[in-house]
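# Understanding the architecture of this molecule
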Amino acid sequence: MSKRIKIAHTQPTAIKPLLDLNTYLDSTPLTHIHHELIKIRASQINGCAYCIDLHTKDARKYGETEQRIYLLNAWREVDFYSEEERAILALTEEITLISNGGVSDETYQKAASLFDENYLSHIIMAIITINAWNRIGVTTEMKPALTR
């Protein structure tokens, strides 16, 4: 495996807007659990080990259960997630996999029926932000540290 750059070190000015967006999202009414579910699911799809590790730990800190974290990639197969969470997860998947045909009217309308415009905007921005971080993490081969 080749050594790759650390963009935060080589281009801190370029990373700052993403950090500012994270800070902004942390100040919104978006719940910690909703935000972490978005981060974990997008990171699973994108194969970002660093982000999966980071955000599963954060989710636990906010009270998320191990079982729900373990089953997140099979969320459609279990009834452990609320209607709102299911709408968020569907939207997360379609935005993350946007080249597969975009976001369907059905998925968008379901989310729009459950959340007001402001909350839905926060959800969309959270999905877009984690996808940006995932692309940095995967491209630069960021790896989580092994903990025991």
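Residues numbered from 1 in each chain as written. Predicted model: local features only at pLDDT ≥ 70, side-chain atom pairs only at ≥ 80, totals over all residues. Heavy atoms only, no water.

## Let's talk about the environment of serine 43
Looking at the element boundaries, serine 43 is found in helix α3 (residues 32-46). For the pair formed by serine 43 and methionine 125, sequence separation is 82 residues and the distance between their alpha carbons is 15 Å. Setting aside residues no more than four positions away along its own chain, serine 43 makes contact with Cys48, Cys51, Ile52, Ile130 and Asn134. In terms of polar contacts, serine 43 uses its side chain to reach the side chain of asparagine 134, at 2.9 Å. (Helix = DSSP H or I, 4+ residues; strand = E, 2+ residues; numbered from the N terminus. Contact = heavy atoms within 4.5 Å. Polar contact = N/O pair within 3.5 Å; in protein donor to acceptor, adjacent residues only side chain to side chain.)

## Considering the UniProt feature "domain: Carboxymuconolactone decarboxylase-like" (unreviewed entry) in the chain
Here the UniProt feature "domain: Carboxymuconolactone decarboxylase-like" (unreviewed entry) sits at residues 29-94. Structurally, residues 29-94 comprises 68% helix and 0% strand, and the distance from its first C-alpha atom to its last is 23 Å. (UniProt positions renumbered as here; feature names shortened; annotations may be inferred.)

## Here's the deal with the pattern of salt bridges
Across all of its chains, the model carries 11 salt bridges by this definition. The salt bridge partner of glutamate 64 is arginine 68, with a shortest N-O separation of 2.6 Å. Arginine 68 sits in the buried class, given a relative accessible area of 13%. When salt bridges with common partners are traced through the structure, they connect Arg41, Arg76 and Glu93 into a single cluster. (Salt bridge = Lys/Arg side-chain N within 4 Å of Asp/Glu carboxyl O. Buried < 20%, exposed > 50% of the residue type's maximum accessible area, 1.4 Å probe, protein only.)

## Re the packing of α3 against helix α6 (residues 83-96)
When two helices pack together, their arrangement is captured by the angle between the axes and the distance separating the axes. Relative to each other, α3 and α6 sit at 35 degrees, their axes nearing to 9 Å. The two elements α3 and α6 cross, and the hand of that crossing is right-handed. Note on element contacts: α6 touches α3 through Glu85, Ile88, Leu89, Thr92, Glu93 and Thr96, opposite Ile33, His34, Leu37, Ile38, Arg41, Ala42, Ile45 and Asn46. (Axes fitted to C-alpha atoms, helices over the stretch in contact; angles between N-to-C directions. Left-handed = near helix turned anticlockwise from the far one by under 90°.)

## Brief notes about a nonpolar patch on the surface
On the surface, Ile98, Val103 and Tyr108 cluster together into a nonpolar patch covering about 250 Å² of accessible area. Looking at the secondary structure, you find isoleucine 98 in the loop between α6 and α7 (105-114). (Patch = residues over 30% accessible without salt bridge, like charges linked within 9 Å, V, L, I, M, F, W, Y side chains within 5 Å. Areas by Shrake-Rupley, 256 points an atom, 1.4 Å probe, with all protein chains shown as cover.)

## A short note on the nonpolar core
Of all hydrophobic cores here, the largest spans 22 residues; its most connected members are Ile38, Leu91, Phe115, Ile123, Ile127, Ile130 and Trp133. Considering each element in turn, this core owes the most residues, eight residues, to helix α8 (residues 117-139). Setting aside its immediate chain neighbours within four residues, isoleucine 130 contacts Ile38, Lys39, Ala42, Ser43, Cys51 and His55. Membership of the second largest hydrophobic core comes to 11 residues, among which are Ile40, Leu72, Val78 and Tyr81. (Core = buried A, V, L, I, M, F, W, Y, C linked by side-chain atoms within 4.5 Å.)

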